[in-house]
Amino acid sequence: NANSPPGPRPHGILGLVPAPWTWILRLLALVSTSVWNPRWTPCPRQSSGAPALGPGSTIFALSSGQGRCGIAVIRTSGPASGHALRSLTAPRDLPPARKACLRLLSDPCSGEPLDRALVLWFPGPQSFTGEDCAEFHVHGGPAVVSGVLQALGSVPGLRPAEAGEFTRRAFAHGKLSLTEVEGLADLIHAETEAQRRQALRQLDGELGHLCQGWAETLTRALAHVEAYIDFGEDDNLEEGVLDQADSEVRELEVALGTHLRDARRGQRLRSGAHVVVAGPPNAGKSSLVNLLSQKPVSIVSPEPGTTRDVLETPVDLAGFPALLSDTAGLREGVGPVEKEGVRRAQKRLEQADLILAVLDASDLTSSSSCNFLDTVVIPTVAGSPHGSSQRLLLVLNKSDLLPSGGPDLHPDLPPYLLLSCLTGEGLDGLLEALRKELATLCGDPSTGPPLLTRARHQHHLQGCLDALGHYKQAKDLALAAEALRVARGHLARLTGRGGTEEILDIIFRDFCVGK
């Protein structure tokens, strides 16, 4: 139709005359729908065991860790995998698919025995990469591993894999979405229970499925807008088509806004929450850092001002990742070096997600303790006028020095935890309090919607939300439809259905060679 139906839009965008280039935009929309095919067509099945003629190369690498071990896993992927497996196990034929078999491995050039190993054959597309794959489970001595790798390198058509190339092939053949690839990378690098749980959820495709559902919502809204442009004046459409599109967009805006507000939680879970230990001199800050990290990170001395610079160490606190910072005692510096240490400590306090405020339980009435309470603890607990989201735990250390009557409390002292870094008494209570605080900061990876663990996720969801804002403000149906296409494009790029090579290179370079 050359013109959209007369009359103003009741809600949302206005149904004015579309521009002549509406047909071009709709043609582009039809072409762009291919990026949302949930699984790309896999490569042709190559299971004959002979090297295939074609551009696809076959790669091999050690998938298990470097160094001596009981068993090392060497894998191949590509059309010549069957030929490679036959070459090293000649004269035996290929083993049954996905069944471990014991074989004598020999050098294909010299015939020299290399090892007696378990081998597995995974014909594509039912494999990790979607291609023909083979695995050699050999004894983990360096000489055995080196000999098998050299033998594979002598097979025509095989070459050593690049870092992350196996996973990249799985992505290229539709076995993994980009968010699942990121989940796999996070699982490999997970150091805490919370990181492991979150990585498994992302690897299972929860974030990708959520984005796919959002994309389907946008597709329906776009279809309604396009139908109104094409057929609205013929009275062939049900009433309220555009109202339905507006309603779906509003619901999606709410969902996107909720996830974006929680974006920092996922990034903290992946990279670690910033926990800063602060307090006056000689309160036991360095002793607490050493106790929590279970290693001598900081020098402990009764001399005030021992810690001059910020010392950082990554730790696992009650199953959550954290970057623990030991800082200089907050007081008026007695020299230029200590003054600089105090300045850095104050700056690090401003950047903290969680402050562990440490005071000497036997010296709460001193001027340094009262000043720290008045300038740091009480204002943080009361809440900053600028809406700071910092959290604080007050720890009264050196409880072993207290008299039987307990500490001499400050009248405005907020809730606190008693601890003795010397005896360890009170440590369990502190760890439980840390677990609750970090669960609030990082989110619970076992429940709730999937978290946004990377800045890339936040960028594309924000771009999608901005495009929906343009949809609501559009004065022309063609522009409104284009805004919906832009929003769908951001979701496509988030899951990798429209990403650039540069983005893919950055993501896959963090993998080890055999993955």
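Sequence order sets the numbering: in each chain, residues are counted from 1 along the sequence as written. Whole-chain, interface and lining totals are the exception, using all residues; otherwise, since this is a predicted model, local features are given only for residues with pLDDT of at least 70 and side-chain atom pairs are given and counted only at 80 or more. Neither water nor hydrogens contribute to the side-chain values; these are computed over all heavy atoms in the structure.

An unreviewed UniProt entry annotates the protein chain as 5-taurinomethyluridine-[tRNA] synthase subunit GTPB3, mitochondrial originating from Sus scrofa. UniProt positions are given in the numbering used here, feature names are shortened, and annotations may be inferred rather than shown by experiment. UniProt, in its Catalytic activity (unreviewed entry) section for the protein chain, records the words "GTP + H2O = GDP + phosphate + H(+)".

Asks: Would you mind going over the nonpolar core with me for this structure?
Replies: For soluble globular proteins, the rule of thumb is that nonpolar side chains tend to be buried together. The biggest cluster of nonpolar side chains holds 32 residues, and the ones touching the most others in it are Leu 218, Val 225, Leu 256, Leu 461, Leu 468, Tyr 471 and Leu 484. The set of elements that each furnish at least two residues to this core consists of helix H7 (206-231), helix H8 (241-261), helix H14 (455-473) and helix H15 (477-495). For the purposes of this entry, the term helix denotes a DSSP run of H or I that reaches at least four residues, the term strand denotes a run of E that reaches at least two, and both are numbered from the N terminus. The element best represented in this core is H7, accounting for 10 residues. When near neighbours in sequence (up to four residues on either side) are disregarded, Leu 461 contacts Trp 214, Leu 256, His 259, Leu 260, Leu 452, Leu 491 and Leu 494. Only buried residues count toward a nonpolar core. Its members are Ala, Val, Leu, Ile, Met, Phe, Trp, Tyr and Cys residues joined through side-chain atoms within 4.5 Å. Only protein chains enter the accessibility calculation, which uses a 1.4 Å probe; a residue is then buried when its area is under 20% of its type maximum, exposed when over 50%, and partly exposed in between. Core analysis: the next-biggest nonpolar cluster, separate from the first, contains 29 residues, Ala 194, Leu 356, Leu 438 and Leu 441 among them. In this description, contact between two residues means that some pair of their heavy atoms is separated by no more than 4.5 Å.

Asks: What is the right way to look at the side chain of Arg 348 in this model?
Replies: Mapped onto the elements of the fold, Arg 348 is located in helix H11 (residues 336-351). Think of a polar contact as two N or O atoms within 3.5 Å of one another; within protein, one of them needs to be a possible hydrogen donor and the other a possible acceptor, and neighboring residues in sequence only count if both atoms come from side chains. Engagement of the side chain of Arg 348 in a polar contact is seen with the side chain of Glu 312, the distance being 2.2 Å. In contact with Arg 348, other than residues within four places in its own chain, are His 274, Val 276, Val 310, Glu 312 and Ser 325.

Asks: Explain the pairing of strand S1 (residues 58-62) to me, please; I cannot follow it from the model alone.
Replies: In regular strands, side chains alternate between the two faces of the sheet. Counting buried positions over the five residues of S1 gives five, a clear majority of the element. With burial as the criterion, each face of S1 is covered, one bearing Thr 58, Phe 60 and Leu 62 and the other bearing Ile 59 and Ala 61. DSSP bridges decide pairing: two strands pair if at least two such bridges lie between them. Where S1 meets strand S6 (residues 158-160), three bridges bridge the pair, whose relative direction is parallel. When the sheet's bridge partners are listed, Thr 58 is paired in S6 with Leu 158.

Asks: What exactly am I supposed to notice about the sheet that holds strand S3 (residues 101-106) here?
Replies: Neighbouring strands of a sheet are bound in pairs by backbone hydrogen bonds; such pairs are parallel or else antiparallel. The six strands are arranged S3-S4-S5-S2-S1-S6 in an open sheet whose pairing can be described as mixed. Each having just a single partner strand, S3 and S6 make up the two edges of the open sheet. Between one strand axis and the next, the sheet turns by 30° as a mean value, whatever way the strands run. The strands touched by helix H2 (residues 81-89) within the sheet are S1, strand S2 (69-77), S3, strand S4 (113-122), strand S5 (133-140) and S6, with S3 carrying the most contacts at an inclination of about 75°. Axis geometry follows a simple rule: fit a line to the C-alpha atoms, using only the stretch in contact for helices, then measure angles between N-to-C directions, giving values from 0 to 180 degrees. Each of S1, S2 and S6 is contacted by helix H4 (residues 165-172), which is oriented at about 135° to S1, the strand it contacts most.

Asks: Looking at this model, I keep getting lost on the pairing of strand S8 (residues 311-317). Mind explaining?
Replies: Sheet topology places S8 next to strand S9 (residues 320-326); seven bridges connect them, and they run antiparallel. Bridged to Thr 313 within S9 is Leu 324.

Asks: I keep staring at the packing of H14 against H15 and nothing clicks. Help me out?
Replies: Two measures define how a pair of helices packs: the angle their axes make with one another and the distance between the axes. The geometry of H14 relative to H15 is characterised by a closest axis approach of 8 Å and an angle of 170° between their N-to-C directions. Classified by the angle between their axes, H14 and H15 sit roughly antiparallel to one another. Every residue of H15 that contacts H14 at Arg 456, His 457, His 460, Leu 461, Gly 463, Cys 464, Ala 467, Leu 468, His 470 and Tyr 471 is listed here: Ala 480, Ala 483, Leu 484, Val 486, Ala 487, His 490, Leu 491, Arg 493 and Leu 494. Reported orientations rely on four angle classes, namely roughly parallel under 35 degrees, roughly antiparallel over 145, roughly perpendicular from 65 to 115, and oblique for the rest.

Asks: Would you explain the environment of Val 277 in this entry?
Replies: Among the structural elements, Val 277 can be located in strand S7 (residues 273-278). On the basis of relative accessibility, which here comes to 0%, the residue Val 277 falls in the buried class. For the pair Val 277 and Val 310, spaced 33 residues apart in the sequence, the C-alpha separation amounts to 9.9 Å. If we skip the residues at most four places from it in the chain, Val 277 touches Lys 285, Leu 288, Val 289, Leu 324, Ser 325, Asp 326, Thr 327, Leu 356 and Val 358.

Asks: Explain the packing of aromatic side chains to me, please; I cannot follow it from the model alone.
Replies: To describe a pair of aromatic rings, you give the distance between the ring centres and the angle between the ring planes. In this analysis, rings of Phe, Tyr and Trp, with Trp reduced to its six-membered ring, are considered paired at centre separations within 6.5 Å, and the interplanar angle assigns stacked below 30 degrees, edge-to-face beyond 60, and tilted for intermediate values. The tally for this structure, following the rule as stated, stands at zero aromatic pairs. When the ring centre of Phe 166 is taken as origin, the NZ or CZ atom of Arg 75, which lies over that ring, is 4.8 Å away. To sit over a ring, a charge needs its Lys NZ or Arg CZ within 6 Å of the ring centre and within 35 degrees of the ring normal.

Asks: Explanation requested: the pattern of salt bridges in the structure shown.
Replies: As a working rule, side chains carrying opposite charge can pair if their charged atoms are close by. Salt bridges are defined by distance alone: a side-chain nitrogen of Lys or Arg within 4 Å of a carboxyl oxygen of Asp or Glu. Going through the model one piece at a time under the given rule, you end up with 20 salt bridges. Across the pair Arg 169 and Glu 165 runs a salt bridge, and its minimum N-O distance is 3.5 Å. Of this pair, Arg 169 and Glu 165 are both found in helix H4, four residues apart, which corresponds to roughly one turn of the helix. Between Arg 196 and Glu 193 there is a salt bridge, with its nearest N and O atoms 2.6 Å apart. You can see Arg 196 and its partner Glu 193 sitting in helix H6 (residues 193-203), three residues apart, about one turn around the helix.

Asks: What am I meant to see in the sheet that holds strand S10 (residues 354-360) here?
Replies: The six strands are arranged S8-S9-S7-S10-S11-S12 in an open sheet whose pairing can be described as mixed. The sheet is open, and its two edges are formed by S8 and strand S12 (417-418), each paired on a single side. Direction of pairing for S7 relative to S9: parallel, over a ladder of five bridges. Counterpart to Val 277 in the pairing with S9 is Asp 326. Of the strands in this sheet, S7, S10 and strand S11 (391-397) are in contact with helix H12 (residues 367-382), which crosses S10 at around 155°.

Asks: Would you mind showing me how to read the environment of Ser 57 here?
Replies: Note on placement: Ser 57 falls in the loop between helix H1 (22-32) and S1. Look at Ser 57 and you get partly exposed, because its relative accessible area is 25%. Beyond its immediate sequence surroundings of up to four residues, Ser 57 is in contact with Ser 77, Gly 78, Pro 79, Gly 157, Arg 159 and Arg 169. Reaching out from Ser 57, the side chain makes a polar contact with the side chain of Arg 159 at a distance of 3.3 Å.

Asks: Can you walk me through helix H5 (residues 178-189) in this structure?
Replies: Because each turn of an α-helix spans 3.6 residues, side chains separated by three or four positions end up pointing in the same direction. Under the convention used throughout, the expected extent of a helix is 1.5 Å for every residue step, that is, one less than its residue count. The end-to-end C-alpha distance of H5 is 17 Å, a good match for the 16 Å that 12 residues give at a rise of 1.5 Å each. The buried count for H5 comes to nine of 12 residues, which makes it a mostly enclosed element. Every buried residue belonging to H5 is among Leu 178, Thr 179, Glu 180, Val 181, Glu 182, Gly 183, Leu 184, Ala 185 and Asp 186, and all of these are buried.

Asks: Would you mind showing me how to read a nonpolar patch on the surface here?
Replies: Residues Leu 409, Tyr 416 and Leu 418 make up a contiguous nonpolar surface patch of about 240 Å² in total accessible area. Tracing the backbone through its elements, the reader meets Leu 409 in the loop between S11 and S12. Patches here are clusters of residues that have more than 30% relative accessible area and form no salt bridge, with a 9 Å joining cutoff for like charges and a 5 Å cutoff for nonpolar side chains (Val, Leu, Ile, Met, Phe, Trp, Tyr). In short, Shrake-Rupley with a 1.4 Å probe defines the accessible areas, and a residue's cover is counted only from the protein chains shown.

Asks: Honestly, the confidence of the model for the protein chain in this entry has me stumped. Any pointers?
Replies: Note: predicted coordinates in regions of low pLDDT should not be interpreted at a detailed level. Each residue carries a pLDDT value, the predictor's own confidence for that position, ranging from 0 to 100. For the protein chain, the mean per-residue pLDDT works out to 81, and 79% of the residues sit at or above 70. Mean pLDDT across the elements of the protein chain bottoms out in H1 (41) and peaks in S4 (97). Below pLDDT 50 for its whole length, residues 1-55 participates in 116 contacts with residues either more than four positions away or in separate chains.

Asks: What's the story with unusual backbone geometry in this structure? I'm lost.
Replies: If a residue is not glycine, its phi is most likely negative; likewise, a peptide bond is most likely trans. Cis geometry marks the peptide bond from Ala 90 to Pro 91, where omega comes out at 5°. Going from Gly 124 to Pro 125, the amide bond is cis rather than trans, its omega being 5°. Secondary-structure assignment places Pro 125 in the loop between S4 and S5. Positive phi, normally seen in glycine, also occurs at Asn 282, with a value near 65°. Within the element layout of this structure, Asn 282 appears in the loop between S7 and helix H10 (285-293). With a relative accessible area of 32%, Asn 282 lands in the partly exposed category.

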